[in-house]
Structure formats: C-alpha cells, structure tokens
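Read off the chains here:
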Amino acid sequence: MGTMDAPDKAKPKPLSPAARRALAEAEARRAKRDAEMAKRAPEKGGRGGLDPNRYGDWEIKGLTSDF
C-alpha cells in the first residue's frame, strides 16, 4: 500500500455580503442580550444558566423534567 499525502486544508469559501451581514446582526443581538443580562440583579436561589422557559428543559442537580 502506498502512503497517502494529507490533503492541504481547503481555504474557506468567501462569504457573500448577505452572509457577512447576517453574522454581524447575530453578533449584535448576542451583545445586546449579554448587556441586558449584565444589568439584571442576580436571582436569589435561582438555578443559573439560560432560561429554561425558552429552551423547554428544566435540570437541577442532574434531574431533568420536561414540561
């Protein structure tokens, strides 16, 4: 059997202007969300992490209940 040379890493395909704009908009939304989360007072006795209402998954100490 012959040895196979590792293929050169393919250059990433250039993004279209629409794709760059979408990535910029998503980054702006994440920055806005992070800024809003930083303003909130910490929850007393809360579970921490992302809002389970949004993601539909409730997990505390390894036990999960899905409503």
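Residues numbered from 1 in each chain as written. Predicted model: local features only at pLDDT ≥ 70, side-chain atom pairs only at ≥ 80, totals over all residues. Heavy atoms only, no water.

Enquirer: Please clarify how the overall build of the chain should be interpreted in this entry.
Expert: When its secondary structure is counted, the chain shows 2 helices and 2 strands. Ordered by position from the N terminus, the helices and strands of the chain form the series α-α-β-β. Each of the 67 residues in the chain was classed as buried or not, and the buried ones make up 3%. Per element, the accessible surface of the chain, about 7,000 Å² overall, is 58% carbon and sulfur. (Helix = DSSP H or I, 4+ residues; strand = E, 2+ residues; numbered from the N terminus. Buried < 20%, exposed > 50% of the residue type's maximum accessible area, 1.4 Å probe, protein only. Areas by Shrake-Rupley, 256 points an atom, 1.4 Å probe, with all protein chains shown as cover.)

Enquirer: Sorry if this is basic, but what is going on with the pattern of salt bridges here?
Expert: Oppositely charged side chains may form a pair once their charged atoms are brought near each other. In this structure the tally under the stated criterion is 2 salt bridges. One salt bridge connects Arg30 with Glu27, and the closest N-O pair in it is separated by 3.0 Å. Here Arg30 and its partner Glu27 are both found in helix 1 (residues 17-39), 3 residues apart, which amounts to about one turn of the helix. On the basis of relative accessible area, Glu27 is assigned to the partly exposed category, the value being 45%. One salt bridge in this structure joins Asp34 and Arg33, with 3.3 Å as the shortest N-O distance. (Salt bridge = Lys/Arg side-chain N within 4 Å of Asp/Glu carboxyl O.)

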